[in-house]
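Each chain is listed here by its residues.
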Amino acid sequence: MTRTRASHGIARLSPSLSKSRYISGLKCPKMLWWMVHEPNAPELQGDDGLQVMFARGHRIGELARARVPGGILVDVPHHELEKRVAATAKALAEGARAVYEASFFEDGIFVSVDILERQGGGFVLIEVKSTLDVKDEHLPDVAVQLHVVRRAGLSARRAEVMHLNRKCRHPDLSNLFVRENVTPQLRTELRAVAGRAASMMEALAGPLPKVSIGPHCTTPYECPFLERCWPPLPDYHVSTLYRIRSKRVAELVEDGIETLQDLPPKLTPVGPARRQVRSVKTGKVVVERGLRRALAALKPPLAFLDFETVNPAIPAWPGCGPYAQVPVQFSCHVLTPGGLEHHGWLADGAADPREDFARALVSACAKAKTIVAYNAPFERLCVDALPRRHSTRRRAA
Ligand code: SF4
């Protein structure tokens, strides 16, 4: 029997913080304040993309639980916090081998642990992630859960991240997950939880915190309130520079360099970005000297090809690993002496699209001597990844 403090009952649960709010507060106290004080803000209303992400996370969670079988799921609506904590306490008191969605409330923080597995005389806390590796941003997430579980009186000696395994290949999904012990990496994070949570709750009780914009607004993910905080950008803002990183944008802006016109010669980039800056500074279209020669080298007829792909987290077709890119649509314009011909193909249904895709692609490109794609390495990668019996090779420009 394991008795947690939660099992003695809690009068009313109205936590100021949840795990996700704690993580938001680490990113930015202002973002947390808006999330708590304006929960119905339009920026927080999910779109179809978010629903797809939730559905994916839900499915991965189910499969992860199957890797730690024989547990009890806390199957109580998410907003019924008190009942969730009570159901967890009951499952633990009954000696459950594992508890899925195990819920605890301590120090004003509510957490739901994906999997709490009983091992020896204690517990292993398992956080399930849909990534292929443990990432730095997972650590505060696991630390706040471990802190709350320990404060609830449980002996949780070990914390793990269970993430997708890049070596897994359909149809054998028995090794879909990898479990990594992250306990040693949590020491500093764990020590900081109580103090950080107290500061966040204090900030939440006050007025909107003052926070300057910076790289934290876009990394490791984009803040939903970007448009509230960031002023409208001037034309040719440095963020429009070809392939520039958000960290570099922040550095340039901090140095007073707002637009591409402001870039001093010593900071002129290389490659296509250099051409872009030259064009902006001169106000003219730049046509490089070598362009005519490069275009003349393309042997007609030309086919202009563009793929669309899907990359399911859970491998869906033979030979695919997690997030393998599989082409499901192409558009092909073939420039012939008689004019421009368009060919297209779109997968229909959940069946393996690759054989039909390959046949349609070979047929569409049959008249072409050179295939041109805006991002040719990507299209080449997709063709190379087709199972050999489906693949077709042509020179891609
Ligand atoms: S845009 Fe930046 S400063 Fe504004 S709330 Fe979001 S993270 Fe904070």
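On a predicted model such as this, the values are computed, not experimentally measured, just so you know.

One can find Gly46 in the loop between α2 (29-37) and α3 (48-66). On the accessibility criterion, Gly46 (44% relative accessible area) is partly exposed. For Gly46 and Leu263, which are 217 residues apart along the polypeptide, the C-alpha to C-alpha distance reads 38 Å.

Turning to the domain arrangement of the protein chain, a few remarks are in order. For the protein chain, the assigned domains are domain 1 (5-205), domain 2 (241-282) and domain 3 (292-390). The straight-line distance from the C-alpha centre of domain 1 to that of domain 2 is 41 Å.

Further remarks concern the pairing of strand β5 (residues 122-128). Here β5 lies mainly inside the structure; 7 of its 7 residues are buried. As defined by bridge partners, strand β4 (residues 109-119) adjoins β5 across 5 bridges and the pair is classed as antiparallel. When the sheet's bridge partners are listed, Leu116 is paired in β5 with Leu125. Chirality of the crossover, the property in question, places the unit of β5, helix α5 (residues 138-151) and strand β6 (residues 156-164) among those that are right-handed.

Think of a sheet as strands paired side by side through backbone hydrogen bonds, with each pair either parallel or antiparallel. With mixed pairing, the 4 strands of this open sheet are ordered in space as β10-β9-β8-β11. Pairing within the sheet leaves two strands with one partner each, and these edge strands are β10 (339-346) and β11 (370-372). Within this sheet the neighbouring strands show an average axis-to-axis angle of 25°, counted without direction. The pairing of strand β9 (residues 326-336) with β10 spans 8 bridges and is classified as antiparallel.

Before going further, it helps to spend a moment on the side chain of His163. With respect to the element layout, His163 can be found in strand β6. By relative accessible area, which is 3% here, His163 ends up buried. Here the side chain of His163 touches Leu132 through a polar contact of 3.2 Å, landing on its backbone oxygen. At 2.8 Å, the side chain of His163 and the side chain of Glu180 are in polar contact.

Quick look at the layout of surface pockets now. By volume, the second largest pocket amounts to about 440 Å³. Together, 20 residues line the second largest pocket, and Trp230, Leu233, His237, Val249 and Val253 are the ones closest to its centre. Per-element tally for the lining of the second largest pocket: the top contributor is helix α8 (residues 246-254), with 5 residues. Its residues placed into classes, the lining of the second largest pocket shows 12 nonpolar, 5 polar and 3 charged.

This part covers the site of the ligand. The environment of the ligand is formed by Cys28, Met31, Trp34, Ser212, His216, Cys217, Cys223, Phe225, Leu226, Cys229 and Trp230. Among the cavities detected, the one that contains the ligand is the largest cavity. Contributions of two or more residues to the shell around the ligand are made by α2 and α7 (226-229). Among the residues forming the shell around the ligand, the class breakdown is 9 nonpolar, 2 polar and no charged.

Turning next to the packing of α2 against helix α6 (residues 187-205). Packing of α2 against α6 brings their axes to within 10 Å, and their N-to-C directions diverge by 60°. On the basis of the axis angle, α2 is oblique to α6. Helix-helix and strand crossings are classified by hand; for α2 and α6 the assignment is right-handed. In this structure, α2 uses Leu32, Trp33, Val36 and His37 to contact α6, whose residues at the interface are Met200, Ala203 and Leu204. Residues that form the contact of α2 with α6 fall into these classes: 6 nonpolar, 1 polar and no charged.

The rules behind these values
Just so you know, the residues in each chain are numbered from 1, in the order the chain's sequence is written. Selection of residues for local features in this predicted model requires a pLDDT of at least 70, selection of side-chain atom pairs for listing and counting requires 80 or more, and totals for whole chains, interfaces and linings are taken over all residues. Side-chain measures here rest on the full set of heavy atoms in the structure, leaving out hydrogens and waters. The numbering of helices and of strands both runs from the N terminus, where a helix is a DSSP run of H or I of at least 4 residues and a strand a run of E of at least 2. Relative accessibility decides the category of a residue: with a 1.4 Å probe and only protein chains considered, values under 20% of the type maximum give buried, values over 50% give exposed, and everything between is partly exposed. Bear in mind that the domain bounds are from an automatic or database domain assignment. Two strands are counted as paired when DSSP detects at least two bridges linking them. Whether a crossover is right-handed depends on one test, that the path from the first strand over the helix to the second runs clockwise when the strands point away from the viewer. Structural elements are reduced to axes, namely lines fitted to C-alpha atoms, with helices fitted over the stretch in contact, and the angle between N-to-C directions of any two is expressed from 0 to 180 degrees. For this analysis, a polar contact is any N or O atom pair within 3.5 Å, provided that within protein one partner can donate a hydrogen and the other can accept it, and provided that sequence-adjacent residues contribute only side-chain to side-chain pairs. Computed over the protein atoms alone on a 1 Å grid, cavities are sets of points where a 1.4 Å probe fits but cannot get out and pockets are open sets with protein on both sides within 12 Å along at least five of seven lines; a residue lines them when it has an atom within 4 Å of a point. Grid points are joined across faces, edges and corners, and a volume is the space filled by probe spheres set on the points. As a working rule, the residues Ala, Val, Leu, Ile, Met, Phe, Trp, Tyr, Cys and Pro are called nonpolar, Asp, Glu, Lys and Arg charged, and the rest polar, with Gly in that last group. Only heavy atoms are used to decide nearness, and a residue is near a molecule or strand if one of them lies within 4 Å of it. Cavities and pockets are treated as containing a molecule whenever more than half of the molecule's atoms lie within 2 Å of their grid points. For classification purposes, angles smaller than 35 degrees are called roughly parallel, those larger than 145 roughly antiparallel, those between 65 and 115 roughly perpendicular, and all remaining angles oblique. Put simply, a crossing is left-handed when the front helix is turned counterclockwise from the back one by less than a right angle, and right-handed when it is turned clockwise. Contact between two residues is taken to exist if any of their heavy atoms lie within 4.5 Å; hydrogens are not considered.

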